[in-house]
Amino acid sequence: MTSLGDKDSVQMHNLFQGSWTQVSCPCCVSDRVEPLVLIRLSNKVQPITKRWLISLIEASKRHGGAALLAHPGEDECGDVIVVSAPRCTLLRATEDLGLCKKYRNGDMVAFSYQDRDNFSNVDNMQEFLTLAERQYIVKNELDSLQAQKKQRIPGVTEATGVLEAWGNIFQKLAKAGMIKDIVPLHDQQRLNDLGKTWYSGKQIWGQPLDAIHSYFGGTVAFYFSFLDFYTWALVPPALLGLVLTFLMPGGGSSGEAMGDDDGPSVSGHMVQAVFSMLWSTLFMEFWKRRSSSLSHRWGTLQLSEGFAEPRPGFHGTLGINPVTGRLEPLFPEWKRQLRVGLVSVPIVVLFMGLVVLGMIGFYHGEALAQGFHQDRGSWFSRALLYLPSVVHIVYTNMLGNVYSTVALQLTEWENHREESSFQNHHTTKVLLFTFFNNFAVLFHIAFYKQDLPLLRKRLASLLILAQLLNQFTEVVVPFIVDRFLSAPQKDQQEDKLDEDTLRAQRFLPPFPGLFGEYIELLLQFGFLSLFSCVYPLTATLLLLNNITEIRGDAYKICKLFRKPFSPPVSNIGVWQTAFEVLGFVSVMSNCWLLLLSPRVQEFCLEGGISSKNILLFAILVEHVLILFKMVLAFMIPDEPDWVRIKREQKEFQSMQALGQQKL
């Protein structure tokens, strides 16, 4: 079954009413329990093991449980457990996460369990918390389950069935193969309604961000908000590129724009360079303002910064944490640093060496193609001039895919305790390699060989070929697989399990995450901000690509993958820093590309300006532009005034409350 139908969604909720554990807390008693998360078990799991796991999920926190609600599915011998959450567990988790919710006066206030009766919709969890928040809380509670003492898992006789004291239970069960996966359940009616307003409509401007946030969570909503903001921010540079290419004197025809002349005129080159610097600065500053507005609206402006629990993949020797006093796995920091310095760093350098090796091969192939074209002078030999670039692009993409797997395994092996540390180290590895892999050859062409026609041709190959491949692999291939290859298998399974609508998502692959999507946008931003003065049509091609990218990504997450868990976030995280760094590098890149332009050099020589004076002038202009960029970024506040006032009001109220407690 490709998805749950509207009727099936109702049946799914009705199927599991009346068989849930009765909650002792009076405020949590409800006539209707909402299934939130599906735990898929191995078919080898014994009924006694399943009953033990259900009792653990239902037990209170003080007895080592998750304080959730569990349902055995069709029967005790089945391979699924359906999990929900009582009101008290959801409310306490809301406070622990530091989420802000609407107070009785209409303001967004950090939720307090003791003051819960003064918050709006607190009696209706489907209104008080979004579906994504409720499902994330359930997943977080399950991941936090720890064994209170050393014990054997009931029904498991193998050595893998021993739980160490304070060991992570779900991590142990997953490693032992007893838990296949944990999946948030779809609400098909809401998903259908979201699809109609998101990717099925005819509009190309704006997205239903609140509906996306409510259904898929903060990480997904912030990505699509950033993608939408970035796409329409491409309109001004795209229009400028069209004007410089086709209307300004010396801009060249469309054929010349592909790299067969010296590029834009001196004035056009300067306009494009200065505009790229200004655009990248304004884009990031206005995105920060938009991000803070969304964070306030979604209640994540002041997320809790409490000491995080160990991530599920963390392992070490059991001991007392000196900070929290809790018994948990400990891993010496010096061992982690040794792993990073003696293993991870050399492997990253090795892959960068492979990038250099590919670059050497590219130049060798370029020389062969140039010689062949000089000998033959035909249209065929002219087309072959692009072959080295195409082959090198394929090589770098394949190398990047291999490195992505290696980087993830290295970061896992480094054994970081906190999830934030793990993500930062992984992202740093990938960003360093991605930047080197995709931009090293361009910088070499521009600043070492100083061959701007070759740079322009290389950019054209990257932007046209890479975007075509991207559209094919991310839109066409998944659509064909979903429509023609996967449908027969899903329909066959649907005939067998028509009554078990909860099993629908198991036939879909897990969501791969947004890492690759952010990398793609970062590369686009790099091509545009670093080199668009050489190839003014860069923004135009990116704009056309991203208009379809928005709908393609929306279709994929709704139709082709399982629904992901999404933690509350206040921004796009480390990716914002990466974009800002590229913005600063773009100032230096555009200044030196302007200096190396043949027409600029010719203009300077005709004016009798020496090479030394040209160099000094370029350095002066670079420093002035960097200073101007910093001043411009300082003058534009990172958050709107109304958000700043709301934030300061919350800080003042917190100080007042703390003072009253001391009295």
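Residues numbered from 1 in each chain as written. Predicted model: local features only at pLDDT ≥ 70, side-chain atom pairs only at ≥ 80, totals over all residues. Heavy atoms only, no water.

**Comments concerning the overall build of the protein chain**
Logical step 1: When its secondary structure is counted, the protein chain shows 23 helices and 10 strands.
Logical step 2: Counting every position in the protein chain, which comprises 663 residues, the buried fraction comes to 50%.
Logical step 3: Of all intrachain contacts in the protein chain linking residues separated by at least 6 positions in sequence, the fraction that spans at least 24 positions is 73%.
Logical step 4: Here the protein chain displays about 31400 Å² of accessible surface, and carbon together with sulfur accounts for 61% of that area. (Helix = DSSP H or I, 4+ residues; strand = E, 2+ residues; numbered from the N terminus. Buried < 20%, exposed > 50% of the residue type's maximum accessible area, 1.4 Å probe, protein only. Contact = heavy atoms within 4.5 Å. Areas by Shrake-Rupley, 256 points an atom, 1.4 Å probe, with all protein chains shown as cover.)

**Focus: the sheet that holds strand β1 (residues 37-41)**
Logical step 1: Here 4 strands make up an open sheet; going across it, the order is β2-β3-β1-β8 and the pairing antiparallel. If you trace the sheet from one side to the other, it starts and ends with β2 (69-71) and β8 (179-184), each paired once. Sheet twist, expressed as the average angle between the axes of neighbouring strands with direction ignored, equals 20°.
Logical step 2: Two elements, β1 and strand β3 (residues 80-84), share 4 bridges in a ladder whose sense is antiparallel. Bridge pairing in β3 places I39 opposite I81.
Logical step 3: On the sheet, helix α2 (residues 47-58) packs against β1, β2, β3 and β8 and is oriented at approximately 10° with respect to β3. (Pairing = 2+ DSSP bridges. Axes fitted to C-alpha atoms, helices over the stretch in contact; angles between N-to-C directions.)

**Thoughts on unusual backbone geometry**
Logical step 1: The phi torsion at A67 lies on the positive side, around 55°, for a residue other than glycine.
Logical step 2: Residue placement: A67 occurs in the loop between α2 and β2.
Logical step 3: Given a relative accessible area of 18%, A67 falls into the buried group.
Logical step 4: In this structure, Q450 is a non-glycine residue whose phi angle is positive, near 55°.
Logical step 5: Tracing the backbone shows Q450 in the loop between α16 (419-449) and α17 (452-496).

**A few points about the pattern of salt bridges**
Logical step 1: In this structure the tally under the stated criterion is 21 salt bridges.
Logical step 2: The residue R40 makes a salt bridge to D181 at a minimum N-O spacing of 3.1 Å. Taken together, the residues R40 in strand β1 and D181 in strand β8 connect sequence positions 141 residues apart. Like R40, the residue D181 is buried in the burial classification.
Logical step 3: Linking E517 and K556 is a salt bridge whose minimum nitrogen-to-oxygen distance equals 3.6 Å. Taken together, the residues span a long stretch of sequence, with E517 in helix α18 (residues 515-531) and K556 in helix α19 (residues 538-560) at a distance of 39 residues. Both residues of the pair, E517 and K556, belong to the buried class.
Logical step 4: A single network of salt bridges, built from pairs that share partners, joins E285, K288, E580 and D638. (Salt bridge = Lys/Arg side-chain N within 4 Å of Asp/Glu carboxyl O.)

**Re the pairing of β1**
Logical step 1: Judged by how many residues are buried, β1 sits mostly within the fold: 5 of 5 residues are covered.
Logical step 2: The two faces of β1 match: V37, I39 and L41 on one face and L38 and R40 on the other face are all buried.
Logical step 3: In the sheet, β1 pairs with β8 via 5 bridges, with the strands oriented antiparallel. Bridge pairing in β8 links L41 to I179.

**With respect to the packing of aromatic side chains**
Logical step 1: Evaluated as defined, the whole model comprises 35 aromatic pairs.
Logical step 2: For the ring pair Y199 and Y555, a centre distance of 5.7 Å and an interplane angle of 90° mean the geometry is edge-to-face. A residue pair is termed long-range when its members are at least 10 positions apart, and Y199 in the loop between α7 (188-198) and α8 (209-216) and Y555 in helix α19 qualify at 356 residues.
Logical step 3: Owing to a relative accessible area of 18%, Y555 belongs among the buried residues under this scheme.
Logical step 4: Measuring from centroid to centroid gives 6.5 Å for F226 and Y518, while their planes differ by 45°, and the two rings are tilted. Of this pair, F226 sits in helix α9 (residues 218-233) while Y518 sits in helix α18, and the two are 292 residues apart along the sequence. (Phe/Tyr/Trp six-rings, centres within 6.5 Å; stacked < 30°, edge-to-face > 60°.)

**So, a nonpolar patch on the surface**
Logical step 1: Together, L239, L242, V243, F246 and L247 line one region of the surface with nonpolar side chains, adding up to about 470 Å² of accessible area.
Logical step 2: As for its position among the elements, F246 is in helix α10 (residues 235-246).
Logical step 3: Residue F246 is classed as partly exposed on the basis of its relative accessible area, which comes to 44%. (Patch = residues over 30% accessible without salt bridge, like charges linked within 9 Å, V, L, I, M, F, W, Y side chains within 5 Å.)

**Points about the state of the cysteines**
Logical step 1: For the structure on display, the rule yields 0 disulfides.
Logical step 2: Between C533, a free cysteine, and C591, which holds the nearest cysteine sulfur, the sulfur-to-sulfur gap is 9.4 Å. (Disulfide = S-S within 2.5 Å.)

**Some words on the UniProt feature "transmembrane region" (unreviewed entry) in the protein chain**
Logical step 1: Following the UniProt record, the feature "transmembrane region" (unreviewed entry) maps to residues 229-249, 269-287, 340-363, 430-447, 459-481, 521-544 and 615-636 here.
Logical step 2: In residues 269-287, the share of helix is 100% and the share of strand is 0%. The end C-alpha atoms are 27 Å apart.
Logical step 3: Helix makes up 95% of residues 615-636 and strand 0%, with an end-to-end C-alpha separation of 32 Å. (UniProt positions renumbered as here; feature names shortened; annotations may be inferred.)

**A few points about helix α3 (residues 87-97)**
Logical step 1: Among the 11 residues of α3, 8 are classified as buried, and the element is accordingly described as predominantly covered.
Logical step 2: All buried positions along α3 are accounted for by R87, C88, T89, L90, L91, A93, T94 and L97.
Logical step 3: If you follow the buried residues of α3, they end up packed against β4 (100-102), α4 (125-128) and α5 (131-143).
Logical step 4: Backbone geometry just downstream of α3 places G98 in the positive-phi region, at approximately 80°.

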